[in-house]
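Listed below are the residues making up each chain.
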Amino acid sequence: MANMNHLSKKAKRRELAKAKRALPVEAVPEHSEETHHKSTHHVHHKKEKGIKGSIKYFYEHNYKVLLLIPIILLVLAVAQIGLQAAFTGDFVAKATSIKGGQTLTFLTGLELDTDLLEQKIDLAYPANDVDVRTLTSSGVGAGYIVDADFDENVDNTRVIEIFSEQSGIAQSEIEFSVNMIGSSLGDSFFKETIVAILIAFLFMGIVVFLYFKVFIPSLAVVWCAISDIVITLAIFNLFGFKLSTAGIAAFLMLIGYSVDTDILLSTRVLKRKEGSVMDAIYSSIKTGTTMTITTIAAGSVALIVANSAVMQQIMTILLIGLCVDLVITWLQNTALLRWYLEKKGQH
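Before going into details, it helps to say that this report is about the structure given with it. Since the model is a prediction, treat every value here as computed from it, not as a measurement.

Calculation notes
Residues numbered from 1 in each chain as written. Predicted model: local features only at pLDDT ≥ 70, side-chain atom pairs only at ≥ 80, totals over all residues. Heavy atoms only, no water. Helix = DSSP H or I, 4+ residues; strand = E, 2+ residues; numbered from the N terminus. Buried < 20%, exposed > 50% of the residue type's maximum accessible area, 1.4 Å probe, protein only. Contact = heavy atoms within 4.5 Å. Arc of directions from axis to C-beta. Salt bridge = Lys/Arg side-chain N within 4 Å of Asp/Glu carboxyl O. Lys, Arg positive; Asp, Glu negative; His and termini not counted. Phe/Tyr/Trp six-rings, centres within 6.5 Å; stacked < 30°, edge-to-face > 60°. Lys NZ or Arg CZ within 6 Å of the ring centre and 35° of its normal. Pairing = 2+ DSSP bridges. Axes fitted to C-alpha atoms, helices over the stretch in contact; angles between N-to-C directions. Core = buried A, V, L, I, M, F, W, Y, C linked by side-chain atoms within 4.5 Å.

A short note on unusual backbone geometry
Then, in step 1: Positive phi is not limited to glycine here, since lysine 213 has a value of about 60°.
Then, in step 2: Relative to the helices and strands, lysine 213 is located in the loop between helix H9 (183–212) and helix H10 (215–238).
Then, in step 3: Residue classification places lysine 213 among the exposed residues on the basis of a relative accessible area of 65%.

Things to note about the environment of phenylalanine 176
Then, in step 1: Locating phenylalanine 176 in the fold gives a position in strand E4 (residues 175–181).
Then, in step 2: Relative accessible area serves as the criterion here: at 35%, phenylalanine 176 is assigned to the partly exposed category.
Then, in step 3: When the C-alpha positions of phenylalanine 176 and leucine 104 are compared, they lie 6.8 Å apart, and in sequence the two are 72 residues distant.
Then, in step 4: Ignoring sequence-local partners within four residues, the contact set of phenylalanine 176 consists of Thr105, Phe106 and Ile160.

Let's talk about helix H7 (residues 114–124)
Then, in step 1: For H7, the set of buried residues is Thr114, Leu117 and Ile121. One face of H7 carries all of its buried residues, which in axial projection span an arc of 65°. With respect to the buried face of H7, the exposed residues turned more than 90 degrees away are Asp115 and Leu123.
Then, in step 2: On its buried face, H7 sits against strand E2 (130–137), strand E3 (140–148) and helix H8 (157–167).

Remarks on the pattern of salt bridges
Then, in step 1: Using the criterion set out here, one finds six salt bridges in the structure.
Then, in step 2: Between lysine 94 and aspartate 90 there is a salt bridge, and its shortest N-O distance comes to 3.6 Å.
Then, in step 3: On the accessibility criterion, lysine 94 (15% relative accessible area) is buried.
Then, in step 4: The exposure class of aspartate 90 is partly exposed, given its relative accessible area of 32%.
Then, in step 5: As a salt-bridge pair, arginine 158 and glutamate 161 come within 3.1 Å of each other at their nearest N and O atoms. Taken together, the positions of arginine 158 and glutamate 161, both in helix H8 and three residues apart, correspond to about one turn of that helix.
Then, in step 6: For glutamate 161, a relative accessible area of 27% puts it in the partly exposed group.
Then, in step 7: Through salt bridges with shared partners, a single network forms among Lys99, Asp129 and Lys242.

Some points on the side chain of arginine 338
Then, in step 1: Mapped onto the fold, arginine 338 is located in helix H13 (residues 309–343).
Then, in step 2: Of the side chains with opposite charge, glutamate 342 lies nearest to the buried arginine 338, which makes no salt bridge, at 4.1 Å.
Then, in step 3: In this structure, arginine 338 is in contact with Tyr59, Glu60, Tyr63, Val277, Met278 and Ile281, ignoring residues within four places of it in sequence.

Brief notes about the packing of aromatic side chains
Then, in step 1: If you walk through the whole model with that rule in mind, you get nine aromatic pairs.
Then, in step 2: Centre to centre, the rings of tyrosine 144 and phenylalanine 163 are 6.3 Å apart; their planes meet at 55°, and the pair counts as tilted. Within this pair, whereas tyrosine 144 is found in strand E3, its partner phenylalanine 163 is found in helix H8, the two being separated by 19 residues in sequence.
Then, in step 3: Over the ring of tyrosine 211 we find lysine 271, and its NZ or CZ is 5.0 Å from the ring centre.

Digging into the sheet that holds E2
The strands that make up a sheet pair up through hydrogen bonds in the backbone, lying either parallel or antiparallel.
Then, in step 1: Read across the open sheet, the four strands follow the order E2-E3-E1-E4; overall the sheet is antiparallel. Each edge of the open sheet is held by one strand with a lone partner, namely E2 and E4. Each neighbouring strand pair of the sheet contributes to a mean axis angle of 20°, computed without reference to strand direction.
Then, in step 2: Across eight bridges, the pairing between E2 and E3 is antiparallel. If you follow arginine 133 over to E3, its bridge partner there is isoleucine 145.
Then, in step 3: Relative to the sheet, H7 contacts E2 and E3, its axis offset from that of E2 by approximately 145°.

Section: the nonpolar core
Then, in step 1: Phe201, Met204, Leu243, Phe251 and Ile255 are the most contacted members of the largest nonpolar core, which totals 36 residues.
Then, in step 2: Listing elements by their share of this core, those giving two or more residues are helix H5 (68–88), H9, H10, helix H11 (245–270) and H13.
Then, in step 3: By residue number, the principal contributor to this core is H10, which donates nine residues.
Then, in step 4: Each residue touching phenylalanine 251, except ones within four places of it in the same chain, is listed here: Ile229, Thr232, Leu233, Leu243 and Ile317.
Then, in step 5: By size, the runner-up hydrophobic cluster in this structure holds 18 residues, among which are Leu104, Phe106, Ala148 and Ile160.

These results come straight from atomic positions and should not be treated as a statement about function.
Okay, here's the thing in structure tokens:
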């Protein structure tokens, strides 16, 4: 009896298989589409071969580990800025255009020892802070800049005499210019600029929130911009640069560059209508890195050929900030967005 039942089941399966083969193709479209969808979904997540595939696999599956990189950079940056403020009284070294003083610019193609020149000026003005740096054009020395916290009562004649002695150029033949800024004007300008930056972040956050209408991704965009500015400022300090009014303008520009790529990423990920989260991220990386790299290339050329200390500081800050932005946007913001969407059950 059991054997007859077994045979009857096998016969039923054979009859069912024959019936399926006899069905037209149109009779099973739903099953084939589902099978195809599952198959393509599986292929999308399959690890690609080669170095590129390994990098993509690590990037996709270890984003929380990669998030530690920008976090560590931010912690180190805050530590550097805090130590600088504790030891010097200012979180950033200020040029004379901010703290007040005189800037003397000497135009000459002669090669001079800037350390010796600065040392001699220091000896002549022991009560003042003096900084000497080289002015370059197309990578070639074009002159020298002397920044000194001289007030209007300090005579700068001795600086000109020392430069004449070091260069061998007669005082009457020296090409130079003097820019004088009062200390009260510089302090007032710096405080107003800090307020302007804070207001810029506030309005930026409001605009981003009104656009996305979700709190966490909007906060992530603002936080990434803050991280970019803080890390760039710390690197700026480590190089020993002094912040001028041109540098402040560069930091304001950097806010815009930073937010640009973050909004691009957030828009494609949050407002996508098809594809996975990683599809949107890779699309954003392709567009965003192209934008950033072209800007870095243009900035590098401007830095090399510029014959202006103002332009050189702007380009230096932007180049540092754009390199930092590559890390902040594609490691920090992507991780925060993926974490947020995973909590909501979206992949």
